[in-house]
Amino acid sequence: MTTVIEATGFARQLKHWRTLRRVSQLDLAIKADTTQRHLSFLEQGRSRPGRTMVVRLAESLDLSLRERNGLLLAAGFAPAFPESTLDTPELAPVREALRSILDGHQPYPALVVRPHGILLAANAAFEVLTEGAAPELLEPPVNVLRLALHPDGLARRVINLPEWGRHVTEALHARVARSPDPVLDELITELETYLPQADPGPDHLGFAVPLRLRSDDGELRLITTLTSFATATDITLAELHLEAFLPADAQTAEILRTRAART
(Lines give C-alpha, C1' and ligand atoms only; values in the text may rest on other atoms or scores of the structure.)
Protein backbone atom coordinates (compact mmCIF):
# COMPACT_ATOMS: atom_id res chain seq x y z
CA MET A 1 0.00 0.00 0.00
CA THR A 2 1.42 3.39 -1.02
CA THR A 3 0.71 6.52 1.02
CA VAL A 4 0.58 9.73 -1.02
CA ILE A 5 1.85 12.73 0.87
CA GLU A 6 1.08 16.25 -0.29
CA ALA A 7 3.56 18.79 1.03
CA THR A 8 2.11 21.81 2.81
CA GLY A 9 3.12 25.38 2.04
CA PHE A 10 5.42 25.28 5.05
CA ALA A 11 6.95 21.98 3.96
CA ARG A 12 7.69 23.32 0.48
CA GLN A 13 9.19 26.52 1.84
CA LEU A 14 11.34 24.70 4.36
CA LYS A 15 12.80 22.39 1.72
CA HIS A 16 13.24 25.33 -0.66
CA TRP A 17 15.26 27.33 1.85
CA ARG A 18 17.32 24.36 2.98
CA THR A 19 18.17 23.52 -0.63
CA LEU A 20 18.97 27.15 -1.41
CA ARG A 21 21.30 27.33 1.59
CA ARG A 22 22.91 24.02 0.54
CA VAL A 23 22.45 22.53 3.98
CA SER A 24 21.79 18.84 4.53
CA GLN A 25 18.87 17.66 6.62
CA LEU A 26 21.29 16.36 9.23
CA ASP A 27 23.21 19.64 9.49
CA LEU A 28 20.03 21.69 9.72
CA ALA A 29 18.57 19.34 12.31
CA ILE A 30 21.67 19.72 14.47
CA LYS A 31 21.61 23.52 14.16
CA ALA A 32 17.89 23.68 15.00
CA ASP A 33 18.26 21.22 17.92
CA THR A 34 15.96 18.57 16.47
CA THR A 35 16.33 15.17 14.78
CA GLN A 36 16.86 14.43 11.11
CA ARG A 37 13.79 12.19 11.21
CA HIS A 38 11.58 14.99 12.52
CA LEU A 39 12.96 17.42 9.96
CA SER A 40 12.29 14.90 7.20
CA PHE A 41 8.69 14.57 8.39
CA LEU A 42 8.32 18.36 8.38
CA GLU A 43 9.57 18.61 4.80
CA GLN A 44 7.13 15.90 3.73
CA GLY A 45 4.20 17.54 5.49
CA ARG A 46 3.80 14.50 7.77
CA SER A 47 4.38 16.59 10.92
CA ARG A 48 3.26 20.07 11.87
CA PRO A 49 5.84 22.32 13.52
CA GLY A 50 5.28 24.37 16.61
CA ARG A 51 5.98 28.10 16.52
CA THR A 52 9.24 27.71 18.43
CA MET A 53 10.47 25.11 15.96
CA VAL A 54 9.66 27.38 13.00
CA VAL A 55 11.61 30.21 14.61
CA ARG A 56 14.59 27.92 15.30
CA LEU A 57 14.60 26.64 11.73
CA ALA A 58 14.39 30.16 10.30
CA GLU A 59 17.28 31.31 12.47
CA SER A 60 19.34 28.23 11.57
CA LEU A 61 18.77 28.93 7.87
CA ASP A 62 19.83 32.57 8.41
CA LEU A 63 16.65 33.92 6.84
CA SER A 64 15.96 37.64 6.74
CA LEU A 65 13.24 39.01 9.01
CA ARG A 66 10.82 39.21 6.06
CA GLU A 67 11.61 35.62 5.12
CA ARG A 68 11.15 34.47 8.72
CA ASN A 69 7.72 36.08 8.78
CA GLY A 70 6.91 34.26 5.54
CA LEU A 71 7.90 30.90 7.02
CA LEU A 72 5.79 31.57 10.12
CA LEU A 73 2.78 32.48 7.98
CA ALA A 74 3.22 29.35 5.88
CA ALA A 75 3.12 27.31 9.09
CA GLY A 76 -0.08 29.05 10.20
CA PHE A 77 1.43 31.43 12.76
CA ALA A 78 1.32 35.20 13.05
CA PRO A 79 4.43 37.13 11.90
CA ALA A 80 6.98 37.86 14.59
CA PHE A 81 8.58 41.02 13.17
CA PRO A 82 6.83 44.35 12.48
CA GLU A 83 7.33 46.45 9.36
CA SER A 84 7.24 50.15 10.16
CA THR A 85 7.46 53.24 8.02
CA LEU A 86 10.48 55.41 8.69
CA ASP A 87 8.38 58.54 9.23
CA THR A 88 6.70 57.17 12.36
CA PRO A 89 7.45 59.01 15.64
CA GLU A 90 8.80 55.77 17.13
CA LEU A 91 11.64 55.73 14.60
CA ALA A 92 12.66 59.36 15.13
CA PRO A 93 15.80 58.28 17.07
CA VAL A 94 16.72 56.00 14.15
CA ARG A 95 16.34 58.82 11.63
CA GLU A 96 18.50 61.06 13.80
CA ALA A 97 21.15 58.36 14.14
CA LEU A 98 21.25 57.82 10.38
CA ARG A 99 21.69 61.52 9.75
CA SER A 100 24.51 61.68 12.30
CA ILE A 101 26.28 58.75 10.63
CA LEU A 102 25.97 60.32 7.18
CA ASP A 103 27.20 63.72 8.37
CA GLY A 104 30.01 62.11 10.32
CA HIS A 105 31.29 60.44 7.17
CA GLN A 106 31.99 63.79 5.52
CA PRO A 107 33.95 64.69 3.41
CA TYR A 108 33.46 61.25 1.87
CA PRO A 109 30.21 60.21 0.13
CA ALA A 110 27.74 58.09 2.09
CA LEU A 111 24.14 57.13 1.55
CA VAL A 112 21.38 55.00 3.02
CA VAL A 113 19.63 52.71 0.54
CA ARG A 114 16.37 50.79 0.70
CA PRO A 115 15.77 47.48 -1.13
CA HIS A 116 16.25 47.52 -4.91
CA GLY A 117 18.63 50.48 -4.74
CA ILE A 118 16.15 53.17 -3.68
CA LEU A 119 17.92 56.16 -2.13
CA LEU A 120 16.64 57.10 1.31
CA ALA A 121 19.19 59.69 2.41
CA ALA A 122 22.69 60.91 1.57
CA ASN A 123 25.26 63.38 2.84
CA ALA A 124 26.50 66.47 1.01
CA ALA A 125 29.52 64.67 -0.44
CA PHE A 126 27.15 62.43 -2.44
CA GLU A 127 27.05 65.19 -5.07
CA VAL A 128 30.41 63.99 -6.40
CA LEU A 129 28.54 60.90 -7.64
CA THR A 130 25.68 62.82 -9.25
CA GLU A 131 27.63 65.45 -11.20
CA GLY A 132 26.61 65.51 -14.85
CA ALA A 133 23.89 62.89 -14.44
CA ALA A 134 20.74 63.24 -16.53
CA PRO A 135 18.01 65.05 -14.54
CA GLU A 136 15.55 62.17 -14.97
CA LEU A 137 17.94 59.85 -13.11
CA LEU A 138 17.86 62.23 -10.14
CA GLU A 139 14.08 62.45 -9.91
CA PRO A 140 12.77 60.90 -6.67
CA PRO A 141 12.72 58.10 -5.93
CA VAL A 142 16.35 57.89 -7.07
CA ASN A 143 17.57 54.40 -7.85
CA VAL A 144 21.28 54.50 -7.07
CA LEU A 145 21.97 51.27 -8.96
CA ARG A 146 20.50 52.70 -12.14
CA LEU A 147 22.23 56.03 -11.48
CA ALA A 148 25.56 54.21 -11.12
CA LEU A 149 25.44 52.13 -14.31
CA HIS A 150 23.21 54.06 -16.71
CA PRO A 151 25.10 55.62 -19.65
CA ASP A 152 23.59 59.01 -18.75
CA GLY A 153 24.49 58.66 -15.08
CA LEU A 154 27.69 58.01 -13.18
CA ALA A 155 28.83 55.44 -15.75
CA ARG A 156 29.94 58.08 -18.25
CA ARG A 157 32.63 59.15 -15.74
CA VAL A 158 33.75 55.70 -14.60
CA ILE A 159 37.18 54.90 -16.04
CA ASN A 160 37.00 51.17 -15.26
CA LEU A 161 33.30 50.67 -16.02
CA PRO A 162 33.53 47.10 -17.41
CA GLU A 163 35.26 45.78 -14.28
CA TRP A 164 33.51 47.93 -11.68
CA GLY A 165 30.09 47.52 -13.26
CA ARG A 166 30.41 43.74 -13.28
CA HIS A 167 31.56 43.89 -9.68
CA VAL A 168 28.25 45.62 -8.84
CA THR A 169 26.05 43.21 -10.78
CA GLU A 170 27.88 40.13 -9.49
CA ALA A 171 27.19 41.28 -5.93
CA LEU A 172 23.51 41.67 -6.83
CA HIS A 173 23.45 38.18 -8.38
CA ALA A 174 24.88 36.80 -5.13
CA ARG A 175 22.16 38.58 -3.16
CA VAL A 176 19.41 37.14 -5.37
CA ALA A 177 20.92 33.66 -5.14
CA ARG A 178 20.63 33.89 -1.37
CA SER A 179 17.21 35.57 -1.27
CA PRO A 180 15.25 35.21 -4.52
CA ASP A 181 13.66 38.50 -5.59
CA PRO A 182 11.92 38.86 -8.98
CA VAL A 183 12.04 42.67 -8.81
CA LEU A 184 15.79 42.66 -8.25
CA ASP A 185 16.21 40.02 -10.97
CA GLU A 186 14.49 42.34 -13.44
CA LEU A 187 16.64 45.28 -12.36
CA ILE A 188 19.85 43.25 -12.78
CA THR A 189 18.80 42.33 -16.31
CA GLU A 190 18.34 46.03 -17.09
CA LEU A 191 21.65 47.04 -15.51
CA GLU A 192 23.62 44.44 -17.44
CA THR A 193 22.42 45.92 -20.73
CA TYR A 194 24.28 49.12 -19.84
CA LEU A 195 27.66 47.47 -19.32
CA PRO A 196 30.37 46.99 -21.94
CA GLN A 197 32.01 43.60 -22.22
CA ALA A 198 34.52 43.00 -19.46
CA ASP A 199 37.80 41.25 -20.19
CA PRO A 200 39.42 40.62 -16.81
CA GLY A 201 43.09 39.76 -16.86
CA PRO A 202 44.73 36.84 -15.07
CA ASP A 203 45.32 38.97 -11.96
CA HIS A 204 41.69 40.13 -11.69
CA LEU A 205 40.36 40.12 -8.13
CA GLY A 206 36.60 40.49 -8.35
CA PHE A 207 36.13 41.18 -4.65
CA ALA A 208 38.39 44.25 -4.65
CA VAL A 209 37.42 46.50 -7.53
CA PRO A 210 37.86 50.22 -6.74
CA LEU A 211 35.70 52.82 -8.43
CA ARG A 212 37.91 54.99 -10.64
CA LEU A 213 35.99 58.17 -11.29
CA ARG A 214 36.79 61.23 -13.40
CA SER A 215 36.16 64.59 -11.78
CA ASP A 216 37.08 68.21 -12.51
CA ASP A 217 39.61 67.97 -9.69
CA GLY A 218 41.31 64.82 -10.96
CA GLU A 219 40.77 61.09 -10.84
CA LEU A 220 39.11 59.69 -7.73
CA ARG A 221 39.76 56.15 -6.55
CA LEU A 222 37.07 54.96 -4.15
CA ILE A 223 36.36 51.74 -2.33
CA THR A 224 32.91 50.87 -1.04
CA THR A 225 31.79 49.52 2.31
CA LEU A 226 28.29 48.22 3.05
CA THR A 227 26.81 48.22 6.54
CA SER A 228 23.50 46.61 7.46
CA PHE A 229 21.51 46.93 10.64
CA ALA A 230 21.89 43.28 11.57
CA THR A 231 20.44 43.57 15.09
CA ALA A 232 17.24 45.30 13.96
CA THR A 233 13.96 43.61 14.84
CA ASP A 234 11.93 45.75 12.44
CA ILE A 235 11.83 44.66 8.80
CA THR A 236 12.18 48.20 7.46
CA LEU A 237 15.37 48.83 9.43
CA ALA A 238 16.80 45.38 8.73
CA GLU A 239 16.50 45.98 4.99
CA LEU A 240 18.39 49.29 5.00
CA HIS A 241 22.04 49.47 3.94
CA LEU A 242 24.55 52.20 4.62
CA GLU A 243 26.89 52.52 1.64
CA ALA A 244 30.06 54.49 2.33
CA PHE A 245 32.73 55.44 -0.18
CA LEU A 246 36.27 55.69 1.18
CA PRO A 247 39.37 57.08 -0.53
CA ALA A 248 41.68 54.39 -1.87
CA ASP A 249 44.67 56.74 -1.94
CA ALA A 250 45.94 60.02 -0.48
CA GLN A 251 45.19 62.00 -3.64
CA THR A 252 41.51 61.06 -3.51
CA ALA A 253 41.27 61.95 0.16
CA GLU A 254 42.80 65.37 -0.50
CA ILE A 255 40.49 66.06 -3.46
CA LEU A 256 37.40 65.21 -1.41
CA ARG A 257 38.57 67.39 1.50
CA THR A 258 39.17 70.28 -0.90
CA ARG A 259 35.73 69.87 -2.49
CA ALA A 260 34.07 69.89 0.93
CA ALA A 261 35.92 73.05 1.92
CA ARG A 262 34.59 74.87 -1.16
CA THR A 263 30.95 74.26 -0.21
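Before any of the text, the structure's been laid out above.
Residues numbered from 1 in each chain as written. Predicted model: local features only at pLDDT ≥ 70, side-chain atom pairs only at ≥ 80, totals over all residues. Heavy atoms only, no water.

A. Spatial organisation of unusual backbone geometry. Here the amide bond leading from Gln 106 into Pro 107 is cis, since omega sits at 10 degrees, within 30 degrees of zero. Inspection of the secondary structure assignment puts Pro 107 in the loop between helix H6 (92-104) and strand S1 (110-114). With an omega of -5 degrees, the peptide bond running from Pro 140 to Pro 141 counts as cis. If you trace the backbone, Pro 141 turns up in the loop between strand S2 (118-122) and helix H7 (144-149). The backbone of Asp 62 shows a phi angle near 55 degrees, a positive value even though the residue is not glycine. (Helix = DSSP H or I, 4+ residues; strand = E, 2+ residues; numbered from the N terminus.)

B. Seen up close, the pairing of strand S5 (residues 241-247). Relative to S5, S1 is paired through 4 bridges, and the arrangement is antiparallel. Of the residues in S5, the one forming a bridge with Ala 110 is Ala 244. (Pairing = 2+ DSSP bridges.)

C. Quick peek at the nonpolar core. Leu 129, Leu 149, Leu 154, Trp 164 and Leu 211 are the most contacted members of the largest nonpolar core, which has 37 residues in total. Mapped by element, the contributors of at least two residues to this core are S1, H7, helix H8 (161-178), helix H9 (182-193), strand S3 (211-213), strand S4 (220-228) and helix H11 (250-262). When residues no more than four places from it in sequence are discounted, the contact partners of Leu 149 are Ala 155, Leu 161, Trp 164, Gly 165, Val 168, Thr 169, Leu 191, Tyr 194 and Leu 195. Counting residues in hydrophobic clusters, the runner-up holds 18 residues, among them Phe 10, Val 54, Leu 61 and Leu 72. (Core = buried A, V, L, I, M, F, W, Y, C linked by side-chain atoms within 4.5 Å. Buried < 20%, exposed > 50% of the residue type's maximum accessible area, 1.4 Å probe, protein only. Contact = heavy atoms within 4.5 Å.)

D. Here's a closer look at H9. The end-to-end C-alpha distance of H9 is 17 Å, a good match for the 16 Å that 12 residues give at a rise of 1.5 Å each. Those residues of H9 lying buried are Leu 184, Leu 187, Ile 188 and Leu 191. Down the axis of H9, the buried side of the element spans an arc of 105 degrees, and every buried residue falls inside it. Exposed residues on H9 whose side chains face more than 90 degrees from its buried face are Pro 182, Glu 186, Thr 189 and Thr 193. On its buried face, H9 is in contact with H7 and H8. (Expected span 1.5 Å × (residues − 1). Arc of directions from axis to C-beta.)

E. Representation of the sheet that holds S3. Taken in spatial order, the 5 strands of this open sheet run S2-S1-S5-S4-S3, and their pairing is antiparallel. Pairing within the sheet leaves two strands with one partner each, and these edge strands are S2 and S3. Averaged over all pairs of adjacent strands, the angle between their axes in this sheet comes to 35 degrees, without regard to strand direction. Bridging between S4 and S5 involves 7 bridges; their strand directions are antiparallel. Note on S5: the bridge partner recorded for Thr 225 is Ala 244. (Axes fitted to C-alpha atoms, helices over the stretch in contact; angles between N-to-C directions.)

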